[in-house]
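Structural features, examined
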Amino acid sequence: LFLSLLAMWGFQTRRWWLFAAAFLCVSLFNFDYSGNGILLMLIFFLCRERPALGAGLYILFWLPALWSGSPEDPLLAAGHAVDWTAFALLAAPFIFLPARTGIRVPKWFFYAFYPAHLLTIGVIRLAAGI
């Protein structure tokens, strides 16, 4: 996460060497989302004022996942393997369609929610013996 944020900061401040170094580091050393995470952050950042363009680039970004699955994959259908990351395409409407409900959530809520839901999952796993 730190390297991804460093890459985005390098991009915003036009420190291209820093952006390139962070991008190469996460790509070469196989961090969690690799360079893909940084590319997605760039799409969201550069298209924040143009959601239609952002949605199009997001969909184009994930299209190769429709043809990159392995033959041993349980999602194999009619000889066509789908990579599991193709399910990210299902998130596009939730990301790009406006949802102005008027509900106000305190900004600290999500800082507390993320670790709380991981703790809940951990407790369920312990209780289930998984």
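A few points on the structure.

Quick notes on the rules
- Residues numbered from 1 in each chain as written.
- Predicted model: local features only at pLDDT ≥ 70, side-chain atom pairs only at ≥ 80, totals over all residues.
- Heavy atoms only, no water.
- Helix = DSSP H or I, 4+ residues; strand = E, 2+ residues; numbered from the N terminus.
- Buried < 20%, exposed > 50% of the residue type's maximum accessible area, 1.4 Å probe, protein only.
- Contact = heavy atoms within 4.5 Å.
- Areas by Shrake-Rupley, 256 points an atom, 1.4 Å probe, with all protein chains shown as cover.
- Expected span 1.5 Å × (residues − 1).
- Core = buried A, V, L, I, M, F, W, Y, C linked by side-chain atoms within 4.5 Å.
- Phe/Tyr/Trp six-rings, centres within 6.5 Å; stacked < 30°, edge-to-face > 60°.
- Lys NZ or Arg CZ within 6 Å of the ring centre and 35° of its normal.
- Patch = residues over 30% accessible without salt bridge, like charges linked within 9 Å, V, L, I, M, F, W, Y side chains within 5 Å.
- Salt bridge = Lys/Arg side-chain N within 4 Å of Asp/Glu carboxyl O.

Here's the deal with the overall build of the protein
Within the protein one finds six helices and zero strands. Starting at the N terminus and ending at the C terminus, the protein contains elements arranged as α-α-α-α-α-α. Relative to its full complement of 130 residues, the protein shows a buried share of 24%. When contacts within the protein are restricted to residue pairs at least 6 apart in sequence, those whose partners lie at least 24 apart make up 32%. Summing over all exposed atoms, the protein offers an accessible surface of approximately 10,100 Å²; the carbon and sulfur share of this is 71%.

As for helix α6 (residues 108–128)
The terminal C-alpha atoms of α6, which comprises 21 residues, lie 31 Å apart, in line with the 30 Å expected from a rise of 1.5 Å per residue. Where α6 ends, the next residue or the one after it, G129, has phi of about 75 degrees, a positive value.

Looking at the nonpolar core
Formed by L3, A7, M8, F11, F19, A22, V26, I38 and L42, the largest nonpolar core amounts to nine residues. Only α1 (2–12), α2 (16–28) and α3 (34–46) provide two or more residues apiece to this core. Every residue in contact with M8, bar those within four places of it in the chain, is listed here: I38, M41, L42 and F45. Grouped together as the second largest cluster of nonpolar side chains are eight residues, L40, W62, A88 and F96 included.

Side note on the packing of aromatic side chains
By the definition in use, this model includes eleven aromatic pairs. Aromatic rings pair up to connect F11, W16, F19, F23 and F45 into one cluster. The ring of F45 carries R48 above its face, with NZ or CZ at 4.3 Å from the centroid.

Structural notes on the environment of F61
With respect to the helices and strands, F61 occurs in helix α4 (residues 51–62). For F61, a relative accessible area of 21% gives the class partly exposed. The contact partners of F61, leaving out residues within four places of it in the chain, are N36, L39, L40 and I43.

Some remarks on a nonpolar patch on the surface
A surface patch of nonpolar side chains, about 850 Å² in accessible area, is lined by I103, V105, W108, F109, F110, Y111 and F113. Among the residues examined, I103 registers a relative accessible area of 65% and is labelled exposed.

Some details on unusual backbone geometry
The backbone of R14 sits at a positive phi, close to 60 degrees, despite the residue not being glycine. Within the fold, R14 resides in the loop between α1 and α2. A residue is classified by how much of its surface remains accessible, and R14, at 65% relative accessible area, is exposed.

Geometry only, nothing functional implied.
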